[in-house]
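Observations on the three-dimensional arrangement
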Amino acid sequence: SDGVNICLYADGKELNIENCQISGLYAVASFAENGKVKITDSELTASEQGLYHNGSYAGAVLNVSGTAISGGTDAANPDHKGVYISGSQDTTNRAGKNQQATFTNCTISGASGIEAKFTDLKLENCTVSTNLSKATYVQNNNGSTANGFAVVATDNSMIPNDPQVTGTVTISGGAYKG
């Protein structure tokens, strides 16, 4: 199917997905301020992005466990990701913290496995990979900026070091191939 198959649009609400198979252009997306997405023991397959959080919305909390996520694999399309979590200095200021994402025992793949901006990202015993042999990165003021990485933390600023990017990536076990 074309489009977003399951989406959280309600600010301050929670979307729970368990034991599901979801496919589409974007399998699961979040366009919610202070929204929570919990995905357990599921399979997300997308021609573009498997799991997506729009960077205009602050306070995201994503918790994913035991889930396989695959996104698009076209090197020419910057939107092909297993997971894309966007944020900005503005969203961090509004929420008082970066976007929050934890993946446990997941398999994630795409032209980049995971791209995160202004996000505190935790990966525990995951397998994350790209199908590409060459990594690319272009700051473009909006949207995805990188392909060919297993995990990449980026920003869209066109001015060096402004804003100063915040976020952490914590990896505990697993396999990562970029």
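Heads up: these notes are all about the structure in this document. Going along each chain's sequence as written, the residues are numbered from 1 onward. The predicted origin of the model limits local features to residues at a pLDDT of at least 70 and limits the giving and counting of side-chain atom pairs to 80 or more, whereas totals for whole chains, interfaces and linings rest on all residues. In computing side-chain properties, one takes all heavy atoms of the structure into account and sets aside hydrogens as well as water.

Turning our eyes to something else, we now look at the side chain of asparagine 147. Along the chain, asparagine 147 falls in strand β14 (residues 146-147). Take asparagine 147: its relative accessible area is 3%, and that puts it in the buried class. Pairs of N or O atoms within 3.5 Å make up the polar contacts considered here, provided that, within protein, one atom can donate a hydrogen while the other can accept it, and that residues adjacent in sequence are counted only when both atoms are side-chain atoms. Polar contacts involving the side chain of asparagine 147 include one to the main-chain carbonyl oxygen of alanine 75, which spans 3.5 Å. A contact between two residues is defined here by any heavy atoms of the two lying within 4.5 Å. The residues touching asparagine 147, leaving out its near neighbours within four places in the chain, are Asp74, Ala75, Asn77, Pro78, His80, Lys81, Ala111, Ser112, Leu132, Lys134, Ala135 and Thr136. The helix count covers DSSP runs of H or I at least four residues long, the strand count covers runs of E at least two residues long, and both are numbered beginning at the N terminus. Relative accessibility thresholds used throughout: buried, under 20% of the residue-type maximum; exposed, over 50%; partly exposed, between the two (1.4 Å probe, protein chains only).

Moving on to the environment of asparagine 63. Position of asparagine 63 relative to the elements: it lies in strand β6 (residues 61-65). Once the C-alpha coordinates of asparagine 63 and threonine 166 are considered, the two residues, 103 residues apart in sequence, prove to be 20 Å apart.

Note on aromatic pairs: the rings of Phe, Tyr and Trp (six-membered ring only in Trp) are paired at centre separations within 6.5 Å, and the planes decide the class, stacked below 30 degrees, edge-to-face beyond 60, tilted for the rest. What the rule picks out here adds up to five aromatic pairs. Aromatic pair tyrosine 9 and phenylalanine 31: ring centres 5.4 Å apart, planes at 20°, arrangement stacked. Within this pair, whereas tyrosine 9 is found in the loop between β1 (4-8) and β2 (14-18), its partner phenylalanine 31 is found in the loop between β3 (21-30) and β4 (36-40), the two being separated by 22 residues in sequence. For phenylalanine 31, a relative accessible area of 19% corresponds to the buried category. Relative to tyrosine 57, the ring of phenylalanine 31 lies with its centre 6.2 Å away and its plane at 80°, an arrangement referred to as edge-to-face. Here tyrosine 57 lies in the loop between β5 (43-53) and β6 and phenylalanine 31 lies in the loop between β3 and β4, a separation of 26 residues in the sequence. Among the aromatic residues, those joined into a cluster by ring pairs are Tyr9, Tyr26, Phe31, Tyr52, Tyr57 and Tyr84.

Turning next to unusual backbone geometry. Unlike most non-glycine residues, asparagine 34 shows phi in positive territory, near 55°. Note on placement: asparagine 34 falls in the loop between β3 and β4. At asparagine 125, a residue that is not glycine, the phi angle is positive and equals roughly 55°. With respect to the helices and strands, the residue asparagine 125 is situated in strand β12 (residues 119-130). What makes asparagine 125 partly exposed here is its relative accessible area of 47%.

Let's shift gears to the pattern of salt bridges. Salt bridges are defined by distance alone: a side-chain nitrogen of Lys or Arg within 4 Å of a carboxyl oxygen of Asp or Glu. Under the criterion given, the structure shown has four salt bridges. The closest approach of N and O atoms between arginine 94 and glutamate 33, which form a salt bridge, is 2.9 Å. Highlighted residues: arginine 94 in helix α1 (residues 89-95) and glutamate 33 in the loop between β3 and β4, separated in sequence by 61 residues. Linking lysine 117 and glutamate 115 is a salt bridge whose minimum nitrogen-to-oxygen distance equals 3.7 Å. Salt bridges sharing common partners tie together Glu33, Asp90 and Arg94.

Next up on the list: the nonpolar core. The term nonpolar core refers to a set of buried residues drawn from Ala, Val, Leu, Ile, Met, Phe, Trp, Tyr and Cys, joined through side-chain atoms within 4.5 Å. Among the nonpolar cores identified, the biggest contains 28 residues, and Val28, Ile39, Leu44, Leu51, Val83, Phe103 and Ile108 are the most heavily contacted of them. Take this core: its biggest share by element is four residues, from β12. Not counting chain neighbours up to four residues away, the residues in contact with isoleucine 108 comprise Ile69, Gly82, Val83, Phe103, Gly113, Ile114, Thr127, Val128 and Ser129.

Further remarks concern the environment of glycine 167. Here glycine 167 is to be found in the loop between β15 (151-153) and β16 (168-177). Sequence-wise, glycine 167 and phenylalanine 118 are 49 residues apart; in three dimensions their C-alpha atoms are separated by 5.0 Å. Setting aside its immediate chain neighbours within four residues, glycine 167 contacts Asn98, Thr119 and Asp120.

On their own, these measurements won't tell you what the molecule is for.
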